[in-house]
Amino acid sequence: MLSPFFGYITLGILKMDFNSTMILLSYIGVFLILFQGSKSNPIRFPRYLLFYLLFILYTYYSAFYQLDRDFKMSYLYKNYTLGSFILLFIVENVSINKKYYGFLFNLSKKILIIAILVIVIQQVYSSNFLLREDLINVNATETGSQERLLSIYSWTGFLGNGLSFIPIFLLVVEGLDKKKRNKKVLLWILAGIIFAILTRARWVMVNVTLVFVLVIISQRDKFKQFLKYLFIIPFILILSYFTLNVAGIDAEGIVMERILESNKKNISQKSAGTRLLAIKVFDKLYWKNAVFGVGNIKYGMGGTGTQNYELKRALGGHSSQIHVGYLSLFYMYGLIGGSFFLLFLFFLLKRMYLNAKKNELWAPFFGILGFAIANVTLVTFSFFEMGLIFMIIADKYFNEQNKINNYKLNK
């Protein structure tokens, strides 16, 4: 939960990458779990985790066999996909008690408030505020409508404002909604929408709208709740707009330039254009290596930092990669690797959905669903984000509490 702050210490002060440090430490957790495993305390290895492991093994095969990369020990602690698997394995094999979960939940609210305050400061004062040193723009004096803001999450990566903030935000809103704290719920929703707008990231703005589905589906009288939010949603959006303007933030500029992209006349320059290009390029190149894929040449293990010539020429300088996650997945890892990842995602979402339906707590499911939605425009196969990991923890906790309560009732 404190990863952005530990990231500031490890990377900003000790000059050590936080994620790599966490992966190294997580190996200790795996060792302890394997050491303590017994017939009375069996090691849990769910089906979704099996397919994620198969996907990771395939990425290693792709890098070291297909692309003929040299193996380095650093690939065992700098591979965030592998780190994701290790953390998920640990979470599946620990028990979360009520007191500890309550501590995490309350801590998460405080961290969200800090994240909201920081992104407002980055907008109003300087986009360099609390930003990772290698990302600082020395010429930045004020934030333009196009510049994306990362809040406190630059210290752990680039996607935390969507894959850490949004899932935990959903969990907090549902927790308050269940307690009938209506005024607080509306304030949190307003703050979450403002945060998403200030990130300038369209995929974050899309994911934050899941909160409205969440507050409707979690109620028994869904139709009444739907009618209620049919009137509330426009009010919150208008209020967000005027709140930003009162604070001196160019809300209209953000909407026009980032959401509507009115400053770009040619569709090929717009976000929709890059996605249409991705489909066109995928159809042109995928079938040449449909089964095994071409490998992750630019960003993978032993990556060159530059795209392969064939893809670069097909993109024609309009994009740095195939900007649709699932198309990029199958292009890089083919039918085999792509199927492993989709099966992982399918079985994870299926489990989260069934648990949400049983526990009547939907935030963990929607938090993970946000990851699946994000990959329509992003390209990320790593779960190494505190928000995503916390959704698995919350789902596990709700499930365990449900079993305990049912046992007490039956007894």
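Residues numbered from 1 in each chain as written. Predicted model: local features only at pLDDT ≥ 70, side-chain atom pairs only at ≥ 80, totals over all residues. Heavy atoms only, no water.

A. How the structure looks around the overall build of the protein chain. Of regular secondary structure, the protein chain possesses 17 helices and zero strands. Compactness check: the protein chain gives a C-alpha radius of gyration of 22 Å against a globular reference of 22 Å for 411 residues, within 12% of the reference. Here the C-alpha coordinates of the protein chain stretch approximately 60 × 55 × 45 Å along the principal axes. Here the protein chain holds 411 residues, and 53% of them are scored as buried. Pairs at least 24 residues apart make up 75% of the contacts formed inside the protein chain by residues separated by at least 6 positions. (Helix = DSSP H or I, 4+ residues; strand = E, 2+ residues; numbered from the N terminus. Rg over C-alpha atoms; globule rule 2.2 N^0.38 Å. Buried < 20%, exposed > 50% of the residue type's maximum accessible area, 1.4 Å probe, protein only. Contact = heavy atoms within 4.5 Å.)

B. Broad picture of the pattern of salt bridges. For the structure shown, the criterion picks out six salt bridges. Of the charged contacts in the structure, one is a salt bridge between Glu92 and Arg351, with a shortest N-O distance of 2.7 Å. Here Arg351 lies in helix α15 (residues 325-359) and Glu92 lies in helix α4 (residues 80-92), a separation of 259 residues in the sequence. Classification of Glu92 by relative accessible area gives buried; the value is 5%. When the shortest N-O distance is used, the salt bridge between Arg132 and Asp134 registers 2.7 Å. (Salt bridge = Lys/Arg side-chain N within 4 Å of Asp/Glu carboxyl O.)

C. Molecular detail of helix α3 (residues 47-66). Taking 1.5 Å as the rise per residue, α3 with 20 residues should run 28 Å; its terminal C-alpha atoms sit 27 Å apart, in good agreement. Here α3 has its buried residues at Tyr48, Leu49, Phe51, Tyr52, Phe55, Ile56, Tyr58, Thr59, Tyr60, Ser62 and Ala63. (Expected span 1.5 Å × (residues − 1).)

D. Seen up close, the environment of Ala356. Relative to the elements of secondary structure, Ala356 occurs in helix α15. Measuring from C-alpha to C-alpha, the distance between Ala356 and Ile13 comes to 41 Å, with 343 residues separating the pair along the chain. With near-sequence residues (within four places) excluded, Ala356 lies in contact with Leu361, Trp362 and Phe365.

Function cannot be inferred from these measures alone, as they are strictly geometric.
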